[in-house]
Amino acid sequence: MSTAAEATMASTALPSLGQTALSLIVVLGLIFALAWLLKRVQGVRLGGPANLRIHAGLQVGPKEKVLMIEAGGQHLLIGVSAGGVNTLHVFAEAPIAPAAGSDQPQPPIVSAFSDALKRALGQAPKS
């Protein structure tokens, strides 16, 4: 093979290598972007049952959380851990939480629940 043919082959291989590297960077960027997007919308659930809703949740440990759910018209407080799911309390009527920043006193059911939760956690409830 002549040196001119080798030079032509080398010059055409370089842009091809550049395009391959650019394509690889684009694909890796898409993978990272999709991973970030999935992490951001992790809590969003589409198409779930209409009669089951999560109203609030509180992380109480690395693998434990407490959730306030509504299932079939009943309001339940459940504990979720690696060992399973337990019903902590079934509310007779829907609990009402005061608006954030409001000076209104808490409804009796909310303050009673707050005191019961603090007792269960070993903390002294506020008087």
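Use the structure listed above.
Reading the values: the criteria
- Residues numbered from 1 in each chain as written.
- Predicted model: local features only at pLDDT ≥ 70, side-chain atom pairs only at ≥ 80, totals over all residues.
- Heavy atoms only, no water.
- Helix = DSSP H or I, 4+ residues; strand = E, 2+ residues; numbered from the N terminus.
- Contact = heavy atoms within 4.5 Å.
- Areas by Shrake-Rupley, 256 points an atom, 1.4 Å probe, with all protein chains shown as cover.
- Patch = residues over 30% accessible without salt bridge, like charges linked within 9 Å, V, L, I, M, F, W, Y side chains within 5 Å.
- Salt bridge = Lys/Arg side-chain N within 4 Å of Asp/Glu carboxyl O.
- Pairing = 2+ DSSP bridges.
- Axes fitted to C-alpha atoms, helices over the stretch in contact; angles between N-to-C directions.
- Buried < 20%, exposed > 50% of the residue type's maximum accessible area, 1.4 Å probe, protein only.

All right, on to the overall build of the chain then. Tallying secondary structure elements over the chain gives two helices and four strands in all. When the helices and strands of the chain are placed in sequence order, the string is α-β-β-β-β-α. Taking all contacts inside the chain whose residues are at least 6 apart in sequence as the whole, residues at least 24 apart take part in 2%. Carbon and sulfur atoms make up 64% of the accessible area of the chain, which totals about 10300 Å².

Taken together, Leu24, Val27, Leu28, Ile31 and Phe32 make up a surface patch of nonpolar side chains, about 510 Å² in accessible area. Along the chain, the position of isoleucine 31 falls in helix α1 (residues 3–40).

With that settled, consider the sheet that holds strand β4 (residues 84–91). Strand order in the open sheet formed by four strands is β1-β2-β3-β4, and the pairing between neighbours is antiparallel. Pairing within the sheet leaves two strands with one partner each, and these edge strands are β1 (52–59) and β4. When the angles between neighbouring strand axes are averaged without regard to direction, this sheet yields 25°.

Looking now at the side chain of histidine 75. Residue position: histidine 75 is located in strand β3 (residues 74–81). On the basis of relative accessibility, which here comes to 14%, the residue histidine 75 falls in the buried class. In contact with histidine 75, other than residues within four places in its own chain, are His55, Ile69, Glu70, His89, Val90, Phe91, Ala94 and Pro95.

For β1 and strand β2 (residues 65–71), the ladder comprises seven bridges, and the chain directions are antiparallel. Of the residues in β2, the one forming a bridge with arginine 53 is glutamate 70.

Next up on the list: the pairing of β2. Linking two consecutive strands that pair antiparallel, namely β1 and β2, is a turn of five residues. In this sheet, β3 lies alongside β2 in antiparallel orientation, the contact comprising seven bridges. Bridge assignment links methionine 68 to a residue of β3, and that residue is leucine 77.

Once that is clear, we can look at the environment of serine 81. Secondary-structure assignment places serine 81 in strand β3. Remark: the alpha-carbon pair of serine 81 and lysine 63, spanning 18 residues in sequence, is separated by 5.7 Å. Sequence-distant contacts of serine 81, that is, excluding residues within four places in its chain, are made with Lys63 and Glu64.

Moving on, we come to the environment of leucine 77. Turning to its location among the elements, leucine 77 is positioned in strand β3. In the structure, leucine 77 is positioned 14 residues away from phenylalanine 91 in sequence and 7.9 Å away in space, judged by C-alpha atoms.

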